[in-house]
Amino acid sequence: MTKVLLTGATGYVGGEVLYNLTHSSLDGLQISSIVRSGDHAKQLQAAYPNIRTVVGDLDDVALVKREAESADIVLHLASTSHVASAKAIADGLQARSKNTSSPHYWIQISGATCYAVEEISSGKFGFASDEIFDDTRDQEDIVTLLRKNTKRVVENTVLSQSPSTVKTALIIGPLIYGAGRGPVNQRSVQAPEIVKTTLKLGHGFKLNKGQNIWSNIHVQDLAYLVHSLVSAATNAQDGLWNHDGVYNAENGKMTFEHLNTLIANEAHKQGLIKQDAKAKFDTIDAAKADAMSDHAAVLWGTNARTVASKARQKLAWRPSAPSLEDTIPDLVHGEAEGREK
Ligand SMILES: NC(=O)c1ccc[n+]([C@@H]2O[C@H](COP(=O)([O-])OP(=O)(O)OC[C@H]3O[C@@H](n4cnc5c(N)ncnc54)[C@H](OP(=O)(O)O)[C@@H]3O)[C@@H](O)[C@H]2O)c1
């Protein structure tokens, strides 16, 4: 059996990965999950009686270290920025390497705002950019960008692991969309919050010019990428990890003006707002965006344009879920339902 420690199983990303791994052809995985709330642990256990649920917080570093030490593969999907748990995972996996010769792996979720550091620091939101980051062509630049960013402690902890003791992969998540199939949270943030704000305002909007672009990936395809890496780990495949193990995930891109227009038109079509984007589409500034939704200036106003060539080339990863545009009717409907509850 391959022992897998999964964090974030009650979350959007981790829940979908759990769904994927437990409904897939990958055999012999024994999954454990650290869950901080007793109620969520019960929900998880009821939906997945075969996984081992450990109640505890990621701040409990002794627990995280112990659990990592007994895992062959750690999937840290709860957070891109929880430093204490990342360091505890590193400690646990390094301690494990002293007692076993079999390889062990750490797959870590990261976020594509790492590509927008300059825009964030200069407060430039809503404008076009020519920068595109291809994870094969630009691998060295991406690693350097992460290494230079002292705020990215989790990513740097991952990148500083010695390949001879811990094999790592970082997955840089872009705008993730689509309903998750996990046991608790099935909702993403970026696009759903645009819908929520559109419904609240009663009309469409863009942040400044709205010409900025994020790449995007359906949550099922993101989970499939994690699955592909888990499969590669169980087969001890080489050439995929550590310095070579920084992965973008994308299967499309859109300007935010276009995304917000599609959302406003769909909300109008579903009778949720009175005017479509042609009739009323306001420009808001960063302060108003932040007042409407947490961190919205950064999440709706920056550029994060990526190419995921590495997973396609090295893992034969082929995203196949519906496009962002195709999921907008369900997204708008779901947010309207949630609002009415
Ligand atoms: N969604 C996206 O589009 C996207 C894109 C790129 C990167 N990311 C990043 O990926 C990470 C996961 O995203 P998500 O959308 O899956 O978030 P989410 O739905 O909020 O899930 C977070 C998960 O982590 C767990 N968790 C958080 N803090 C914890 C703690 N201190 N102790 C134990 N468990 C803890 C939560 O448990 P509870 O159930 O108890 O809350 C939940 O299971 C986040 O850092 C997010 O910023 C997300």
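Residues numbered from 1 in each chain as written. Predicted model: local features only at pLDDT ≥ 70, side-chain atom pairs only at ≥ 80, totals over all residues. Heavy atoms only, no water.

## Examining the site of the ligand
Working step 1: Within the structure, the ligand sits among 20 residues, and T10, V13, R36, H40 and N185 are positioned closest to it.
Working step 2: Contacts to the ligand include Y12, whose backbone N or O atom sits 2.9 Å from an oxygen atom.
Working step 3: Within the side chain of D57, one N or O atom sits 3.0 Å away from a nitrogen atom of the ligand.
Working step 4: Considering the ligand on its own, with 900 Å² of exposed area, one finds that the protein chains cover 79% of that surface.
Working step 5: Every element with two or more residues in the shell around the ligand is listed here: α1 (12-22) and β5 (105-111).
Working step 6: Counted by class, the shell around the ligand contains 8 nonpolar, 10 polar and 2 charged residues. (Near = heavy atom within 4 Å. Polar contact = N/O pair within 3.5 Å; in protein donor to acceptor, adjacent residues only side chain to side chain. Areas by Shrake-Rupley, 256 points an atom, 1.4 Å probe, with all protein chains shown as cover. Helix = DSSP H or I, 4+ residues; strand = E, 2+ residues; numbered from the N terminus. Nonpolar A, V, L, I, M, F, W, Y, C, P; charged D, E, K, R; others polar.)

## Let's talk about the sheet that holds strand β12 (residues 253-255)
Working step 1: The strand order across the open sheet built from 3 strands is β8-β10-β12, with neighbouring strands paired in mixed fashion. On the outer flanks of this sheet lie β8 (175-177) and β12, each paired with one strand and no other. Shown here is a sheet whose adjacent strand axes are inclined to one another by a mean of 40 degrees, direction ignored.
Working step 2: Direction of pairing for β8 relative to strand β10 (residues 213-218): parallel, over a ladder of 3 bridges. Bridging across to β10, Y177 finds its partner in H218.
Working step 3: In this fold helix α9 (residues 219-234) packs onto β8 and β10, with an angle of close to 70 degrees to the strand it touches most, β10. (Pairing = 2+ DSSP bridges. Axes fitted to C-alpha atoms, helices over the stretch in contact; angles between N-to-C directions. Contact = heavy atoms within 4.5 Å.)

## Observations regarding unusual backbone geometry
Working step 1: One non-glycine residue, N208, lies in the positive phi region at around 50 degrees.
Working step 2: Note on N208: relative accessible area 24%, which makes it partly exposed.
Working step 3: Positive phi is not limited to glycine here, since A236 has a value of about 50 degrees.
Working step 4: Positionally, A236 belongs in the loop between α9 and β11 (246-248).
Working step 5: Owing to a relative accessible area of 43%, A236 belongs among the partly exposed residues under this scheme. (Buried < 20%, exposed > 50% of the residue type's maximum accessible area, 1.4 Å probe, protein only.)

## Focus: the sheet that holds strand β4 (residues 73-76)
Working step 1: The strand order β3-β2-β1-β4-β5-β7-β11 describes an open sheet built from 7 strands, whose pairing is parallel. Where the open sheet ends on each side, the last strands, each with one partner, are β3 (52-55) and β11. If you compare each strand with its neighbour and ignore which way they point, the axes differ by 20 degrees on average.
Working step 2: Bridge count for strand β2 (residues 29-35) against β3 is 4 bridges, and the pairing is parallel. Directly across from S33, in β3, lies its bridge partner T53.

## So, the packing of helix α8 (residues 190-201) against helix α10 (residues 256-269)
Working step 1: Where α8 contacts α10, the axes come no closer than 10 Å and their chain directions differ by 50 degrees. Relative to α10, the element α8 is oriented oblique. Both α8 and α10 take part in a crossing whose hand is right-handed. Residues Q190, A191, I194, V195, T198 and L199 of α8 touch α10, and the partners they reach there are F256, L259, N260, I263, A264 and A267.
Working step 2: Looking at the contact of α8 with α10, its residues break down into 9 nonpolar, 3 polar and no charged. (Parallel < 35°, antiparallel > 145°, perpendicular 65-115°, else oblique. Left-handed = near helix turned anticlockwise from the far one by under 90°.)

## Here we look at the UniProt feature "domain: NAD(P)-binding" (unreviewed entry) in the chain
Working step 1: Per the UniProt record, "domain: NAD(P)-binding" (unreviewed entry) is found at residues 8-94.
Working step 2: The annotated region residues 8-94 carries 48% helix and 17% strand content, and the separation between its end C-alpha atoms amounts to 22 Å. (UniProt positions renumbered as here; feature names shortened; annotations may be inferred.)

## As for the pattern of salt bridges
Working step 1: Per the counting criterion, the structure on display carries 11 salt bridges.
Working step 2: For D72, the salt bridge is made with R96, and the minimal N-O distance between the two is 2.5 Å. With D72 in the loop between α3 (61-69) and β4 and R96 in helix α4 (residues 83-99), this residue pair connects regions lying 24 residues apart in the sequence.
Working step 3: With its nearest N and O atoms 3.6 Å apart, the salt bridge here joins E193 to K196. Of this pair, E193 and K196 both sit in helix α8, 3 residues apart, roughly one helical turn.
Working step 4: E193 sits in the buried class, given a relative accessible area of 10%.
Working step 5: We classify K196 as partly exposed; its relative accessible area is 38%.
Working step 6: A cluster of three or more residues bridged by salt bridges with shared partners is formed by R187, E193, K196 and E335. (Salt bridge = Lys/Arg side-chain N within 4 Å of Asp/Glu carboxyl O.)

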